[in-house]
Amino acid sequence: SAVAPVGSYAAQPFFTGFLEGYNTMDALASLAFGVVVIQVIRNLGVEEPGSIAASTVRSGIFSCLLMAVIYLAVTIVGTQSRGLFAPAENGGVALAQIAQHYLGGVLILAATVTLACLKTAVGLVTSCAETFSTIFPRGPKYAVWAVIFSVMSFVFANLGLSAIITYSLPVLMFLYPLAIVLILLALFGKFFGNDRRVYCWTI
């Protein structure tokens, strides 16, 4: 409480935090991962739409609870670090400083981030490759799309986190409100019979 907020967090902490949350890409990734989760559930032999939906909701609740615990822990560690370090350029720098201070090095952080990001990368590459091979049936096959997206990700990753955030911010500002509205429409679709016109006009 002795550390004063800086920048836009001093004037509008809620909205600043809300918009900064776009950088996590959780909502956008969930739309992509949803395809993968549903396909896995179908591959396990579940065919009835209601059962697929119930299984998807259960897995979603479980993952949301785990993510809430992780974000709470990151929030606490980030808050405690404000008395130790000046505000960092980005979250990656902040985590590296925190790991260096509390763990004496960044090895555990590197292993944690590798494992966490690996499952995200695999999920996104898989879902993007599946989507593009479906959209363009006469184009490259699934494996080719997977290689293309892997190579593109490798190139973009080497730009550095600050550059990636700078370049992706306009895209996220455009896509995130659409994603949030799409998710809300899907959740409350039964109230308007999932009418396609409601989706189109709202989006």
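Nothing here was measured: the structure is a model prediction, and the numbers come from that model.

Draft legend 1. Structural detail: the packing of aromatic side chains. If you walk through the whole model with that rule in mind, you get 11 aromatic pairs. Measuring from ring centre to ring centre gives 5.9 Å for Trp145 and Phe149, while their planes differ by 25 degrees; the resulting arrangement is stacked. Of this pair, Trp145 and Phe149 both sit in helix 7 (residues 142-157), separated by four residues, roughly a single helical turn. Here Phe192 and Tyr199 contribute two aromatic rings whose centre-to-centre distance is 5.8 Å and whose plane-to-plane angle is 65 degrees, an arrangement assigned as edge-to-face. An aromatic cluster is present here, built from Phe14, Phe15, Phe18, Tyr22 and Tyr176 joined pairwise through their rings.

Draft legend 2. Inspection of the packing of helix 3 (residues 26-43) against helix 8 (residues 161-187) at higher detail. Two elements in contact, helix 3 and helix 8, have axes whose closest approach is 9 Å; the angle formed by their N-to-C orientations is 60 degrees. Taken together, helix 3 and helix 8 sit at an angle that is classed as oblique. For the crossing formed where helix 3 meets helix 8, the hand is left-handed. Packed against helix 3, whose contacting residues are Asp26, Ala27, Leu28, Ser30 and Leu31, the element helix 8 presents Leu172, Leu175, Tyr176, Ala179, Leu182 and Ile183 at the interface. Considering only residue class, the contact of helix 3 with helix 8 consists of nine nonpolar, one polar and one charged.

Draft legend 3. Geometry of the nonpolar core. Among the nonpolar cores identified, the biggest contains six residues, and these are Tyr22, Ala27, Leu28, Leu172, Tyr176 and Ala179. Secondary structure elements with two or more residues in this core: helix 3 and helix 8. For this core, the element with the most residues is helix 8, which contributes three residues. Setting aside residues up to four positions removed in sequence, Leu28 forms contacts with Leu172, Leu175, Tyr176 and Ala179.

Draft legend 4. Representation of the packing of helix 6 (residues 107-135) against helix 7 in the model. Relative to each other, helix 6 and helix 7 sit at 130 degrees, their axes nearing to 8 Å. As far as their axial angle goes, helix 7 and helix 6 are oblique. The chirality of how helix 6 crosses helix 7 is right-handed. Across from Val125, Thr126, Cys128, Ala129, Glu130, Phe132 and Ser133 in helix 6, the residues of helix 7 making contact are Tyr142, Trp145, Ala146, Phe149 and Ser150.

Draft legend 5. Spatial organisation of helix 7. Here helix 7 spans 22 Å end to end across 16 residues, near enough to the 22 Å set by a 1.5 Å rise per residue. Trp145, Ala146 and Phe149 are the residues of helix 7 that are buried. In a view along the axis of helix 7, the buried residues occupy a sector of 100 degrees, so they form one face of it. Facing away from the buried side of helix 7 by more than 90 degrees, the exposed set consists of Val147 and Phe154. In the core, the buried residues of helix 7 are packed alongside helix 6.

Draft legend 6. Local environment of a nonpolar patch on the surface. Nonpolar side chains collect at one region of the surface, where Val144, Val147, Ile148, Val151, Met152, Phe154, Val155, Phe156, Leu159, Ile164 and Tyr167 lie side by side and expose about 1,000 Å² of accessible area between them. Looking at the nonpolar patch, the elements with two or more residues in it are helix 7 and helix 8. Ranked by residues supplied to the nonpolar patch, first place goes to helix 7 with eight residues. Classification of Ile164 by relative accessible area gives partly exposed; the value is 30%.

The rules behind these values
The residue numbers shown here count from 1 along each chain, following its written sequence. Restriction of local features to residues with pLDDT of at least 70 applies here, the model being predicted, together with a cutoff of 80 or more for giving and counting side-chain atom pairs; totals for whole chains, interfaces and linings are based on all residues. The basis for every side-chain value is the complete set of heavy atoms in the structure, and neither hydrogens nor water enter the calculation. For Phe, Tyr and Trp, rings pair up if their centres lie within 6.5 Å, where Trp contributes its six-membered ring, and each pair is then called stacked (planes under 30 degrees apart), edge-to-face (over 60) or tilted (otherwise). Numbering of helices and strands runs from the N terminus; a helix is a DSSP stretch of H or I covering at least four residues, while a strand is a stretch of E covering at least two. Axis geometry follows a simple rule: fit a line to the C-alpha atoms, using only the stretch in contact for helices, then measure angles between N-to-C directions, giving values from 0 to 180 degrees. Under this scheme an angle from 65 to 115 degrees is roughly perpendicular, one under 35 degrees roughly parallel, and one over 145 degrees roughly antiparallel; angles in between are oblique. Working rule for handedness: look at the near helix, and if it is turned counterclockwise from the far one by less than a right angle, call the crossing left-handed; if clockwise, right-handed. Whether two residues touch is decided by their heavy atoms; if any such pair falls within 4.5 Å, the residues are in contact. Residue type decides the class: Asp, Glu, Lys and Arg count as charged, Ala, Val, Leu, Ile, Met, Phe, Trp, Tyr, Cys and Pro as nonpolar, and the leftover types, Gly among them, as polar. Within this scheme, the nonpolar core is defined by two criteria: the residues are buried Ala, Val, Leu, Ile, Met, Phe, Trp, Tyr or Cys, and they are joined through side-chain atoms within 4.5 Å. Burial classification: accessible surface area is computed with a 1.4 Å probe over protein chains only, and a residue below 20% of its type maximum counts as buried, one above 50% as exposed, and the rest as partly exposed. One less than the residue count of a helix, multiplied by 1.5 Å, gives the span that helix is expected to have. Starting at the helix axis, one direction is taken to each C-beta atom, and the arc is that of these directions. Exposure above 30% relative accessible area and no salt bridge define the residues that can form patches, which grow by joining like charges within 9 Å and nonpolar side chains of Val, Leu, Ile, Met, Phe, Trp and Tyr within 5 Å. Areas reported as accessible are Shrake-Rupley estimates using a 1.4 Å probe. Residue values count occlusion only from the protein chains shown. Definition used for salt bridges: Asp or Glu carboxyl oxygen within 4 Å of a side-chain nitrogen of Lys or Arg.

None of this, on its own, says anything about what the molecule does.
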